[in-house]
Amino acid sequence: QVQLVESGGGLVQAGGSLRLSCAASGSISRINVMGWYRQAPGKQRELVARITSGGSTDYTDSVKGRFTISRDNAKNTGYLQMSNLKPEDTAVYYCNAMATSLQGRKLAVWGQGTLVTVSS
């Protein structure tokens, strides 16, 4: 089993910053792609950013220049640094990992989500 645990959400004023963390544990051989998604009330879940094992990144247009995704492969942990936050960034943020287990199985794992609320 592979589990993801997110942390770092909370309430922040517009213009502020937060850093989300996503720690993977369990029978992991490697995390191939780690991504952050978000779901605002009444909206579909959307991809915010993702990073490959080699460090390649891509972002949804609305967060480019404000958010930075990174990862520490040795710790099986990913991060999302969010700056200049806007009220429209308010959502539950989910970590996702496309991983390979120690048994060689390909897995898609989701975290439980962490709430980010940006006040105006």
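Conventions and cut-offs
Residue positions are given per chain, counted from 1 along the sequence in the order it is written. Local features are withheld for residues below a pLDDT of 70 in this predicted model, meaning they are given only at 70 or higher, and side-chain atom pairs are given and counted only at 80 or more; totals for whole chains, interfaces and linings count all residues. The side-chain quantities take in all heavy atoms of the structure and omit both hydrogens and water. Residue types Ala, Val, Leu, Ile, Met, Phe, Trp, Tyr and Cys, when buried and joined through side-chain atoms within 4.5 Å, form a set referred to as a nonpolar core. When a residue's accessible area, from a 1.4 Å probe over protein chains only, is under 20% of the maximum for its type it is buried; when over 50% it is exposed; and in between it is partly exposed. Secondary structure elements follow DSSP: runs of H or I of four or more residues count as helices, runs of E of two or more count as strands, with numbering from the N terminus. Throughout, a residue-residue contact means that at least one pair of heavy atoms, one from each residue, lies within 4.5 Å. By definition, disulfides here are pairs of cysteine sulfur atoms that lie within 2.5 Å. The working definition used for a salt bridge is a side-chain nitrogen of Lys or Arg within 4 Å of a carboxyl oxygen of Asp or Glu.

A. A look at the nonpolar core. Membership of the largest hydrophobic core comes to 29 residues, with the highest contact counts inside it found for W36, V48, F67, L80, M82 and Y93. Sort the elements by how many residues they give to this core and strand β9 (residues 91-101) lands first, with five residues. The residues touching V48, leaving out its near neighbours within four places in the chain, are W36, Y37, R38, D58, Y59, T60, V63, F67, L80 and Y93.

B. Structural detail: the side chain of R66. Among the secondary structure elements, R66 is positioned in the loop between β6 (57-59) and β7 (67-72). Residue classification places R66 among the buried residues on the basis of a relative accessible area of 8%. With residues up to four places along the chain from it excluded, the contact list for R66 reads Q81, M82, S83, N84, L85, K86 and D89.

C. Up close: the state of the cysteines. Scanning the entire structure with this criterion turns up one disulfide. The disulfide partner of C22 is C95, and the gap between their sulfur atoms is 2.0 Å. Between C22 and C95, the disulfide has an S-S torsion of -85 degrees and is therefore left-handed. Here the residue C22 occupies a position in strand β3 (residues 18-26), and C95 occupies one in strand β9, the gap between them amounting to 73 residues. Owing to a relative accessible area of 0%, C95 belongs among the buried residues under this scheme.

D. Just unusual backbone geometry, in detail. Here N76, not a glycine, exhibits a phi torsion of approximately 50 degrees, which is positive. If you trace the backbone, N76 turns up in the loop between β7 and β8 (77-82). On the basis of relative accessibility, which here comes to 22%, the residue N76 falls in the partly exposed class.

E. The arrangement of the pattern of salt bridges in detail. As enumerated under the stated definition, the model contains five salt bridges in all. R38 is the salt-bridge partner of E46, the closest N and O atoms lying 2.7 Å from each other. A relative accessible area of 31% places E46 in the partly exposed class. With a closest N to O distance of 3.0 Å, D89 and R38 form a salt bridge. With D89 in the loop between β8 and β9 and R38 in strand β4 (residues 28-39), the pair connects residues that are 51 residues apart, well separated along the chain. Assessed through its relative accessible area of 1%, D89 is described here as buried. When its relative accessible area of 6% is taken as the criterion, R38 is described as buried. Residues joined by salt bridges that share partners form a network here, namely R38, E46, R66 and D89.

Note that all results are geometric; they support no functional claim without further evidence.
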